[in-house]
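Structural description and commentary
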Amino acid sequence: MPPGYRAYLGVPLKVPTGEIIGTVCCFDSQPQTFSSEALRIAELLAERAAIAIDNYNLYQTQQDFNQTLEAEVAKRTLQLKTAQAKLIEKEKLAAIGQFASMIVHEIRNPTTTILMGLTSLQKLNLDQRDRLRLNLALAEGERLKSLLQEILLYAKPQKLQTEEIELNQFLKDLFLILEQMPEASQRHLKLAIDNSPCIVLGDRDKLKQVIINLVRNAFEAIETGANVTCHLSLDQNTERYCLSVFNRGTPIPPEILPKLTEPFVSNKPSGTGLGLAIVKQIIHSHGGSLSIESSLEAGTKISFTLPKHHH
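Keep in mind the model is a prediction, meaning the values are calculated, not measured.

Right, let's talk about the overall build of the protein chain for a bit. Counting its regular elements, the protein chain contains five helices and nine strands. A compact globule built from 311 residues should have a C-alpha radius of gyration of about 19 Å, whereas the protein chain, at 36 Å, is more than 25% larger. Judged by the C-alpha coordinates and their principal axes, the protein chain covers about 130 × 45 × 40 Å. Residue burial in the protein chain is summarised as follows: out of 311 residues, 28% are buried. For the protein chain, contacts bridging at least 24 residues in sequence account for 67% of all contacts bridging at least 6. When the accessible surface of the protein chain is split by element, carbon and sulfur atoms take 56% of a total near 20,400 Å².

Under the definition given, this model contains five salt bridges. One salt bridge connects Arg40 with Glu37, and the closest N-O pair in it is separated by 3.6 Å. One end of the pair, Arg40, and the other, Glu37, are both in helix 1 (residues 36–121), three residues apart, so they sit about a helical turn from each other. Residue class for Arg40 comes out partly exposed when judged on its relative accessible area of 48%. With a relative accessible area of 43%, Glu37 lands in the partly exposed category. Residues Glu72 and Arg76 are paired through a salt bridge, measuring 3.3 Å at the closest nitrogen-oxygen approach. Remark: Arg76 and Glu72 occur in helix 1; sequence separation between them is four residues, near one turn of the helix.

A general trend in soluble globular proteins is that nonpolar side chains are found buried together. One finds Val215 and Phe304 to be the most contacted residues of the largest nonpolar core, which totals 49 residues. Top element by residues in this core is helix 4 (residues 204–220). It accounts for eight residues. Residues contacting Phe304, with those up to four places away along its chain left out, are Val210, Ile211, Leu214, Tyr241, Cys242, Leu243, Ile283, Ser289 and Leu290. Listed in part, the nine residues of the second largest apolar core include Leu9, Val11, Val15 and Ala50.

Moving on: the sheet that holds strand 8 (residues 290–295). Across the sheet, which stays open at both edges, the five strands sit in the order 4-6-7-9-8 with mixed pairing between neighbours. The sheet terminates laterally at strand 4 (188–192) and strand 8, the two strands that pair on one side only. Direction aside, neighbouring strands of the sheet carry axes that sit 15° apart on average. Sheet topology note: the strand 6 (residues 227–235)/strand 7 (residues 240–247) ladder contains eight bridges and is antiparallel.

Now for the packing of helix 4 against helix 5 (residues 275–285). Running from N to C, helix 4 and helix 5 cross one another at 145°; their axes reach a closest spacing of 10 Å. Considering the relative orientation of helix 4 and helix 5, their crossing is left-handed. Across from Lys206, Leu207, Gln209, Val210, Asn213, Leu214 and Asn217 in helix 4, the residues of helix 5 making contact are Gly275, Leu276, Ile278, Val279, Ile282 and Ile283. Considered class by class, the residues forming the contact of helix 4 with helix 5 number eight nonpolar, four polar and one charged.

Moving on: helix 5. Helix 5 sits mainly inside the fold: eight of its eleven residues count as buried. For helix 5, the full list of buried residues reads Gly275, Leu276, Ala277, Ile278, Val279, Gln281, Ile282 and Ile283. Looking at the buried side of helix 5, the elements it contacts are helix 2 (128–155), helix 4, strand 8 and strand 9 (299–307). The positive-phi residue at the C-terminal boundary of helix 5 is Gly287, with phi of around 80°.

Moving on, we come to a nonpolar patch on the surface. A contiguous nonpolar surface patch, about 440 Å² in accessible area, is contributed by Phe99, Met102, Ile103, Ile107 and Leu144. No other element matches helix 1, which puts four residues into the nonpolar patch. Secondary-structure assignment places Ile107 in helix 1. Look at Ile107 and you get partly exposed, because its relative accessible area is 33%.

Rules behind the numbers
Residues numbered from 1 in each chain as written. Predicted model: local features only at pLDDT ≥ 70, side-chain atom pairs only at ≥ 80, totals over all residues. Heavy atoms only, no water. Helix = DSSP H or I, 4+ residues; strand = E, 2+ residues; numbered from the N terminus. Rg over C-alpha atoms; globule rule 2.2 N^0.38 Å. Buried < 20%, exposed > 50% of the residue type's maximum accessible area, 1.4 Å probe, protein only. Contact = heavy atoms within 4.5 Å. Areas by Shrake-Rupley, 256 points an atom, 1.4 Å probe, with all protein chains shown as cover. Salt bridge = Lys/Arg side-chain N within 4 Å of Asp/Glu carboxyl O. Core = buried A, V, L, I, M, F, W, Y, C linked by side-chain atoms within 4.5 Å. Pairing = 2+ DSSP bridges. Axes fitted to C-alpha atoms, helices over the stretch in contact; angles between N-to-C directions. Left-handed = near helix turned anticlockwise from the far one by under 90°. Nonpolar A, V, L, I, M, F, W, Y, C, P; charged D, E, K, R; others polar. Patch = residues over 30% accessible without salt bridge, like charges linked within 9 Å, V, L, I, M, F, W, Y side chains within 5 Å.

Written out as structure tokens, the structure reads:
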């Protein structure tokens with residue numbers, strides 16, 4: 001009992017489940033015997049107080065549950081919307097793919113016939129003006145042929161032939177091909193790689209296609225004498241390898257940047273706008289992600305991630 005008090009009455013606060021959650025305490029400085037009436041009032045007060053406190057606790061629990069439930073419903077709704085959007089996108093791409101494949105085959109056959117005819121005309125003894133026109137027609141025919149090939153590549157679902165690939169060696173081997181590209185003329189390629197084994201599960205040809213595409217784009221964006229850097233690193237937190245291709249060329253305009261991986265969006269005057277769309281498809285089919293950053297201060301960096309392969 002606190003100092004100075006001579007009498008004490010304590011009534012437990014018991015909730016309907018039988019649990020005691022506290023005590024109603026009554027202190028008096030005079031010694032006294034509490035009457036049965038005083039005890040009855042104290043017990044009644046304790047009972048009401050216990051029920052009020054229990055109801056408040058139940059209300060708080062209910063509120064917390066409601067909030068958790070609302071958050072869970074919102075999360076599930078978002079997941080469903082995302083899954084639905086992905087499904088619609090997949091169906092749309094499949095329909096576009098089917099249609100594109102059909103159209104491409106229809107166009108490719110007459111294009112091949114036209115190109116064969118134009119090629120045979122090269123044997124003729126033409127004057128300079130007609131020869132110029134013929135060469136231009138042949139060049140445009142070849143451009144149309146490669147565009148049709150790219151549309152087919154984009155339209156077809158990515159079927160992977162996966163195998164274990166050690167990225168350091170893969171990049172070193174590819175380096176020789178990259179240096180021989182016409183776009184690499186009078187420009188330099190630097191490799192910044194990790195010498196510890198970097199194993200991924202991937203399609204060798206398709207990943208080669210991705211890197212060649214990204215490096216070619218980077219070479220086209222820089223002046224002669226400038227550098228393109230390929231950097232390979234491991235993110236310990238996500239257990240993903242990140243491969244980035246960096247250059248300090250003309251930055252990509254901010255209004256084009258978010259749309260750059262969409263089909264038929266290009267930053268190059270003669271571009272088809274399918275290169276990066278195909279790159280994104282290939283990376284996503286490997287379970288990776290693609291990101292593009294570009295500014296005048298920081299330069300342009302296109303990165304993609306690939307999951308680390310555990311034996």
